[in-house]
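Listed below, chain by chain, are the residues.
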Amino acid sequence: MYRFRHDLKDRKLPVISVPKRDVMMCLNESAMDPFQVVREQFLRRMETVHLNRYFSEVTDELKKALADYIGHGTTPECFEFGNGADEMLYYLFTSVRESQNTYAVSIAPSYGDYITYTRAVGMGTRFAQIDERFDFDENEYLKLLEHPDCRMGILCTPNNPTGNLLDDEKVHRILSSTDKLILIDEAYYEFSGRTYAPYIKKYPNLVIIRTFSKGFGTSGLRFGYMFSSPENMYEIKKVMTFFHMSIMIQAFALTILENREPFLKYNRQIIENRDRMIEMLNRFEQLHAYPSSTNFILFSAGNHAERLFEYLKENQVAIRMYGSHKMLGDKLRVTVSNEEDNRIFGELIKSYWHK
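Once that is clear, we can look at the packing of helix H11 (residues 305–314) against helix H12 (residues 339–354). Here H11 crosses H12 at 125 degrees, and the two axes come no closer than 10 Å. The orientation of H11 relative to H12 falls into the category oblique. Where H11 crosses over H12, the two elements pack in a sense that is right-handed. Packed against H11, whose contacting residues are Arg307, Leu308, Tyr311 and Leu312, the element H12 presents Phe345, Leu348, Ile349, Ser351 and Tyr352 at the interface.

Printed below as a string of structure tokens:
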């Protein structure tokens with residue numbers, strides 16, 4: 001007898017398959033250790049945080065700090081947070097799922113774990129395909145969105161893995177064309193500078209998700225947050241577990257927000273490094289680096305893609321290779337890192353072509 005949900009029986013475990021090397025430029029992580037930046041302030045805060053208690057004033061303080069950081073009239077009631085943006089996705093999908101026929105619509109290629117977490121809650125995912133300009137057909141998206149079985153739409157901007165911002169007017173038309181929830185994933189906001197936070201009151205169907213993993217360099221901390229109207233958040237909270245996030249993580253996130261300037265300064269340096277790296281890659285006629293509003297660069301390498309990926313791996317540099325989507329077959333993605341990592345990557349790119 002199979003004791004679990006029938007759709008799990010033949011499903012494989014989700015995995016993140018990336019090489020582990022000395023120079024990790026494959027997961028869009030930060031090279032700056034946040035603990036070293038806020039160590040003293042965090043330890044000082046922990047002297048008054050009681051980990052033997054379920055409730056803590058840190059929770060309310062963190063929601064107030066997020067509202068201050070986001071601005072645009074948001075209030076603490078607009079926010080919930082959890083173990084990375086992924087957990088926020090899981091709760092959001094759980095809150096809209098009606099049946100095994102329920103699905104969300106996204107563009108493709110985009111963040112792969114939209115599929116992971118819709119499937120985890122027993123939903124499906126359908127897609128409007130992007131074209132060679134990394135744009136998508138708005139009418140195709142809306143047609144999928146308006147189907148009775150579709151419960152929500154997803155728009156990742158800047159999009160991962162392409163790195164581009166979606167057309168702003170197109171996003172607004174989608175938001176205004178439907179009553180269904182539209183999730184805008186702003187995981188890379190700290191690098192793009194574009195947000196739809198000012199439109200929370202204008203669009204009652206708008207939900208925004210962000211993470212500290214990228215712009216605040218805390219991939220291992222696992223802190224993500226979601227914000228929308230208080231009415232929407234009230235409904236989403238009905239599927240969330242009690243005390244699902246460690247008070248210590250909340251205290252660390254609060255400390256970062258209160259001392260965020262070093263992180264924002266570092267991000268400005270990443271943006272400068274990104275632009276220099278794009279210029280460097282485009283000096284090679286065999287490569288084409290695409291414009292990016294994130295901390296990573298997507299670039300095409302033609303029939304050299306797999307060999308270049310392996311060459312970097314052999315020399316202890318891990319980047320990301322995509323072969324699962326027709327748009328990405330000859331493309332690689334590299335995380336923009338610190339000066340030393342970027343230098344090593346650049347020298348290996350040069351040596352590959354001159355070996």
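The subject of this paragraph is the environment of glutamine 316. Along the chain, glutamine 316 falls in the loop between H11 and strand S11 (317–318). On a C-alpha basis, the gap between glutamine 316 and glutamate 347 in space is 13 Å, while along the polypeptide they are 31 residues apart. Residues within four places of glutamine 316 in sequence aside, it is in contact with Arg21, Asp22 and Val23. Of note is the side chain of glutamine 316, whose polar atom sits 3.2 Å from the backbone nitrogen of aspartate 22.

Taken as a whole, the second largest pocket spans an internal volume of roughly 560 Å³. The wall of the second largest pocket is formed by 20 residues, among which Thr59, Thr241, Phe242, Phe243 and His244 lie closest to the centre. Elements that contribute at least two residues to the lining of the second largest pocket include exactly helix H2 (57–70), strand S2 (79–82) and helix H9 (247–258). Of all the elements, H2 adds the most residues to the lining of the second largest pocket, at 3 residues.

Below, the discussion takes up the pattern of salt bridges. Considering all chains together, one arrives at 23 salt bridges under this definition. The partner of arginine 260 in a salt bridge is aspartate 68, with the nearest N and O atoms 3.7 Å apart. Here aspartate 68 lies in helix H2 and arginine 260 lies in the loop between H9 and helix H10 (261–281), a separation of 192 residues in the sequence. Here arginine 260 falls in the partly exposed class, since its relative accessible area comes to 23%. As a salt-bridge pair, glutamate 235 and lysine 238 come within 2.9 Å of each other at their nearest N and O atoms. You can call glutamate 235 partly exposed: its relative accessible area is 43%.

Next up on the list: H2. Here H2 contains 14 residues, and its C-alpha end-to-end distance of 20 Å stays within 8% of the 20 Å for a straight helix at 1.5 Å per residue. By the burial criterion, the buried members of H2 are Val58, Leu62, Lys63, Ala65, Leu66, Ala67, Tyr69 and Ile70. Packed against the buried residues of H2 are S2, helix H7 (189–192), strand S7 (206–211), strand S8 (224–227), H9 and H10. Where H2 begins, the capping side chain belongs to serine 56, and its oxygen is found 3.1 Å from the backbone nitrogen of valine 58. Taken from the residues just after H2, glycine 71 is the one with a positive phi, measuring 70 degrees.

Cut-offs used in this document
Residues numbered from 1 in each chain as written. Predicted model: local features only at pLDDT ≥ 70, side-chain atom pairs only at ≥ 80, totals over all residues. Heavy atoms only, no water. Axes fitted to C-alpha atoms, helices over the stretch in contact; angles between N-to-C directions. Helix = DSSP H or I, 4+ residues; strand = E, 2+ residues; numbered from the N terminus. Parallel < 35°, antiparallel > 145°, perpendicular 65-115°, else oblique. Left-handed = near helix turned anticlockwise from the far one by under 90°. Contact = heavy atoms within 4.5 Å. Polar contact = N/O pair within 3.5 Å; in protein donor to acceptor, adjacent residues only side chain to side chain. 1 Å grid on protein atoms, 1.4 Å probe; cavity = no way out; pocket = protein on both sides within 12 Å on 5 of 7 lines; lining within 4 Å. Points joined across faces, edges and corners; volume = space filled by probe spheres on them. Salt bridge = Lys/Arg side-chain N within 4 Å of Asp/Glu carboxyl O. Buried < 20%, exposed > 50% of the residue type's maximum accessible area, 1.4 Å probe, protein only. Expected span 1.5 Å × (residues − 1).

Spatial relationships are all this shows, so hold off on functional conclusions.
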